[in-house]
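Architecture at a glance
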Amino acid sequence: MVDALAPFVTTVTPWIGHVMSLILLLPVASFLILVVFGKKMGERSSYVAISAVAASFLLSIIAVLFVMGGGRAELSFTWLSVGDFHPTFGLLLDPLSAMMLIVVTLVSMLVQIFSVGYMHGDKRIGWFFACLSMFTASMLLVVYSPNFAETYIAWEGVGVFSYLLIGFWFEKRSASQAAKKAFMVTRVGDLGFAIGLILLYVVAGTLDMNKIFGMDLQAPLAALIAILIFCGAVGKSAQFPLHVWLPDAMEGPTPVSALIHAATMVAAGVYLVARSYPLFEMGPVSLEVVAIIGTITAFIAASIALTATDIKRVLAYSTVSQLGYMMMGLGVGAFAAGMFHLFTHAFFKALLFLGAGSVIHAVHSQEIHDMGGLGPRMKITSLTFIIGGLALAGVPPFSGFWSKDEILLGAYTSGHTAIFWVGILTALLTAFYTFRLIFIVFFGKPRGHHVDHVHESPPVMSVPLIILGTLALVAGMVGSPYLGHFFQVFITNSHEVEHANMFVMGLSIAVAITGIFAAWLKYGTRLLPSGVISKDNPIYKLLVNKYYFDELYYYVLIKPTHAIAKYVLSFDQKIIDGAVNGVAWVSTKVGSGLRQIQTGYVQNYALYMLAGLIVLIIWSFKILGVY
Amino acid sequence: MSLESIPLSYYLILSAILFGIGLAGVLLRKNAVTILLSVEIMLNAANLNLVAFSRYITPAAASGQIFALFVMAIAAAEVAVGLALVLTIYRNVKSVNLDEFNLFKW
Amino acid sequence: MSNLAPQVIFIGLGVIAVVSALLVVVGRNLFHAAMFLGAYMLSIAGFYFLLDADLVGIMQVFVYVGGVIVMLLFGVMLTAQMTNVRMVSAVKQRGGTVLSVIVLVALLASIFKKTAFVISQATPAQNAISLVGKLFMTDYVLPFEVVSVLLLAALIGAIVVAREEGRPQ
């Protein structure tokens, strides 16, 4: 069904090869320049990074136009040769990667422009832009990769730079902890990914996607490998049960959060599943797993977002929830819909995060109860934020509506009824928590002491908001029935698209409106008493504590690990250290003994020489056999 | 003339004894000048050795004598420099007793 | 008698050499020690004559007895009291030294006894002085020149070292 992933055309016309390479190499070059000169350049580092990523973006447009014209291209060379193992390294340009190139470079460019304002005055700004550049480049390589070995390398690159960026303010203990958590939790998923790749190599004898997708693997085996690869996606895309790192990753600078959530990091997992889709199709059970995990994630995250009070955390849980939607879409067979949602989500989520960044920049707090009444004071920010919120809530004609509706439609038509209804319920929750946030932050009376001198952010921050706001408004159109499902046709290279179902569409509009209305009742007006939801309610407690996932992991994983580590530590301290210290003690004692012969008297030394001479003479007697 | 009556080994053993005496002096005396005297004893003992070899093994070539003369020249130089050093030390610390110098001590 | 004379001379010179060397090493009076060193060197010169090395013997008397001993006497008189109460070094190693020296001498003696030297019966060079002179100018010219440079360096070095610093000449 997905013709786009049919064996690639590998004829490369030279100019498109150069374009493809440059898109990747420009951010890498920016990284190298900034690593060396970043300290000296200071604030001017941003010029290098932004011009590099802007050039990449323009070249990506050329690449997309090339692909729209029916072109496909693959560059590859043998990376190393070890015995029978000849992994290649390459760049692949097809509709899927072309779409992602646009998303990654565009969002990265806007985020970097926004960062100029947000990070103004930070003393390690050069390093910040260097990391952003390489983060983008790593993600571009994930997108480009035509074989799993290369994907894995780029995947780890994304992990490393996300670690560096989340922990960018490592002076703050919570930031370094969050970076560590992000790195280690995703590592759990990567372990599954690695095992899957090893298994795949054993079974297929290659990691080249093109060859693997042309094979006919047995269904159970393919399903096992696909699920293992999906483990990697679960880690990176923060799916249940490895979603715990993403909300903590809010400790990073807000532009980094925007980048992670919109384009570079979490999208990698969804993209990986999409890229490996033929493999999942060989073992259909794996798609069911993807759909179920996605659905659980979507619901859990949306429900947690209901009670979060940190503006970035609300958005973080909404990301987890939307990623669940994407996985759900992929899992129920709505491949194009899943990718479409990734596409639209990238824009409106980047918008929401940058908007949140703008708000935080203004009020110096992340707690939503310190905000309120910001609407009149920050017109651009609040207007664009509301556009993003409407897109997230799935209100037509905003972009999120079209893509989310497609996913629900896919679930409905493929007969996954339970998943469909959970999806609808989650849509209701989504609309509710989004507008809870908007009503609390931008409407009502000002709270908190900073509010009086709140002002709109500088143009360097507001212009990206306007651009993203426009995109959030219109990006959905490319996949809407009005444009003949252009996006889906482009991605799948097939004209068999799902036709709009009025029941599904009507239902999703209804729940979105209901959710917003409920939020307005609760937070926009004083019609409902504030005590309508008791703080002692067990469900409320469960949500506030995020289903106790962190606590569960603490008691199931961390505590036993600590206990084991303690025993190992005592072994290390007593036996290993003892041995080492013993050697040192013996050396010290021997040394202080030998020191006694260093009297400083020349005559002593002369006598030692004489003794040495005698020994030598006797020894030479022995050698010569005199005696 | 004396080849039959006095074997070479007599000379060699005598020079070894003299060398030993000089060596003991170097190792046991405290006065730097005495130590220089003892070094001269050792040098002369070695010279005796060289000349004896020259006489008994290569009587026609005289190369051992040349060696002995070289040793004398170097001994003269050594005494000159050695005494200069002793004088300088004496001027600085008013002593030439080597057992008072242990600056190299740990 | 003519056969016995060299042996008598050898023994006599040997006794003088050993005794004077011992007196240099163990004596309490520095001035006397220098004098005994002179006697020791004269006895060594006697050995040179006995070994038909006239030139070396003469040089021994000139250089050592005439030059080195005088220089050492200057050293003695410039630096120390003539009669030092305690001449033995405070560095406590007498036992070790005596033992080591005896072992060394015994080893050397045993080597000399064991080694079968090839004794040449040829007559020694009659005109040793001219022979040595020629050798210095031919086969040994490089060492000869090096030694002269060394002596010059030692001369200058000795002056530089012994000169009191800061005082203009």
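Residues numbered from 1 in each chain as written. Chains lettered and ligands numbered in written order. Predicted model: local features only at pLDDT ≥ 70, side-chain atom pairs only at ≥ 80, totals over all residues. Heavy atoms only, no water.

**Notes on the overall build of chain B**
On a plain count of helices and strands, chain B comes out with three helices and zero strands. Secondary structure elements of chain B occur, N-terminal to C-terminal, as α-α-α. By the burial criterion, 64% of the 106 residues in chain B qualify as buried. Considering only intrachain contacts with a sequence separation of at least 6, the fraction spanning at least 24 residues in chain B is 61%. When the accessible area of chain B is evaluated, it comes to approximately 3600 Å², of which 73% is carbon and sulfur surface. (Helix = DSSP H or I, 4+ residues; strand = E, 2+ residues; numbered from the N terminus. Buried < 20%, exposed > 50% of the residue type's maximum accessible area, 1.4 Å probe, protein only. Contact = heavy atoms within 4.5 Å. Areas by Shrake-Rupley, 256 points an atom, 1.4 Å probe, with all protein chains shown as cover.)

**A word on the packing of helix 4 (residues 125-144) of chain A against helix 5 (residues 148-166) of chain A**
Residue and element names in this part refer to chain A. Helix 5 packs onto helix 4 with a crossing angle of 155 degrees between their chain directions and a minimal axis gap of 8 Å. Compared by their axis directions, helix 4 and helix 5 come out roughly antiparallel. Handedness of the helix 4/helix 5 crossing: left-handed. Taking contact as the criterion, the partners of Trp 127, Phe 128, Cys 131, Leu 132, Met 134, Phe 135, Ser 138, Met 139, Leu 141 and Val 142 in helix 4 are, on helix 5, Glu 150, Thr 151, Ala 154, Trp 155, Gly 157, Val 158, Phe 161, Ser 162, Leu 164 and Leu 165. Its residues assigned to classes, the contact of helix 4 with helix 5 shows 15 nonpolar, four polar and one charged. (Axes fitted to C-alpha atoms, helices over the stretch in contact; angles between N-to-C directions. Parallel < 35°, antiparallel > 145°, perpendicular 65-115°, else oblique. Left-handed = near helix turned anticlockwise from the far one by under 90°. Nonpolar A, V, L, I, M, F, W, Y, C, P; charged D, E, K, R; others polar.)

**Brief notes about the confidence of the model for chain B**
All names here are of chain B. Looking at chain B, the pLDDT average stands at 84 and 92% of residues meet or exceed 70. Looking over chain B, one finds the lowest element-wise mean pLDDT in helix 3 (residues 63-93), namely 86, and the highest in helix 1 (residues 8-28), namely 91. Two numbers describe this predicted complex: its pTM, 0.61, and its ipTM, 0.87. (pLDDT = per-residue confidence, 0-100.)

**What to know about the side chain of Thr151(A)**
Residues and elements named next belong to chain A. Note on placement: Thr 151 falls in helix 5. At 2.8 Å, the side chain of Thr 151 forms a polar contact with the side chain of Ser 145. When neighbours within four sequence positions are excluded, Thr 151 is seen to be in contact with Val 142, Ser 145, Phe 193, Met 209 and Leu 272. (Polar contact = N/O pair within 3.5 Å; in protein donor to acceptor, adjacent residues only side chain to side chain.)

**Examining the interface of chain B and chain C**
Each partner contributes to the interface: chain B provides 75 residues, whereas chain C provides 83 residues. Carbon and sulfur atoms supply 76% of the area that chain B and chain C bury against each other, a total of about 7100 Å² over both sides. For Asp52(C), the salt bridge is made with Arg55(B), and the minimal N-O distance between the two is 2.8 Å. For the interface between chain B and chain C, the tally reads six residue pairs in polar contact (both at pLDDT 80 or more). Of all the secondary-structure elements, those providing two or more residues to the side of chain B that touches chain C are helix 1, helix 2 (32-56) and helix 3 of chain B. Ranked by residues supplied to the side of chain B that touches chain C, first place goes to helix 3 of chain B with 23 residues. Classifying every residue of the side of chain B that touches chain C by side-chain character gives 54 nonpolar, 14 polar and seven charged. (Buried area = accessible area lost by both parts, 1.4 Å probe. Salt bridge = Lys/Arg side-chain N within 4 Å of Asp/Glu carboxyl O.)

**Some remarks on the confidence of the model for chain A**
All names here are of chain A. Model confidence for chain A is summarised by a mean pLDDT of 80, while 90% of its residues fall at 70 or above. Taking the mean pLDDT of every element in chain A, the minimum, 67, falls on helix 22 (residues 538-544) and the maximum, 88, on helix 24 (residues 602-624). Counting interchain partners and residues more than four positions distant, the pLDDT-below-50 stretch residues 1-10 has 29 contacts.

**Regarding the interface of chain B and chain A**
Listed as interface residues are 13 residues of chain B and, on the opposing side, eleven residues of chain A. For the pair chain B and chain A, the summed buried area comes to about 1000 Å², and 61% of that belongs to carbon and sulfur atoms. Scanning the region where chain B abuts chain A turns up zero salt bridges. Remark: the boundary between chain B and chain A carries two residue pairs in polar contact (both at pLDDT 80 or more).

**Focus: the packing of aromatic side chains**
Residue and element names in this part refer to chain A. Here the structure, examined in full by the defined rule, presents 22 aromatic pairs over all chains. On the basis of an interplanar angle of 70 degrees and a centroid distance of 5.2 Å, the ring pair of Trp 155 and Phe 193 is categorised as edge-to-face. In this pair, Trp 155 sits in helix 5 while Phe 193 sits in helix 6 (residues 173-204), placing the two residues 38 residues apart along the sequence. Considered together, Trp 155 and Phe 193 belong to a single accessibility category, that of buried residues. With a centroid separation of 6.1 Å and an interplanar angle of 55 degrees, the aromatic rings of Phe 435 and Phe 439 are classed as tilted. A residue pair is termed a helical-turn pair when its members lie 3 or 4 positions apart in one helix, as Phe 435 and Phe 439 do in helix 18 (residues 417-442) at four residues. For the pair shown, Phe 435 and Phe 439 are each scored as buried. (Phe/Tyr/Trp six-rings, centres within 6.5 Å; stacked < 30°, edge-to-face > 60°.)

**Digging into the side chain of Ser276(A)**
Within the fold, Ser276(A) resides in the loop between helix 11 (266-275) and helix 12 (277-282). With sequence-adjacent residues up to four places away left out, Ser276(A) is seen in contact with Phe148(A), Phe213(A) and Ile229(A).

**Some points on the packing of helix 16 (residues 379-393) of chain A against helix 17 (residues 399-413) of chain A**
Residues and elements named next belong to chain A. Axis separation between helix 16 and helix 17 bottoms out at 6 Å; the angle between their running directions is 15 degrees. Compared by their axis directions, helix 16 and helix 17 come out roughly parallel. As helix 16 packs across helix 17, the resulting crossing turns out to be right-handed. Between helix 16, through Ala 391, Leu 392 and Ala 393, and helix 17, the contact on the second element is made entirely by Ser 399, Gly 400, Phe 401 and Lys 404. A class-by-class count of the residues in the contact of helix 16 with helix 17 yields four nonpolar, two polar and one charged.

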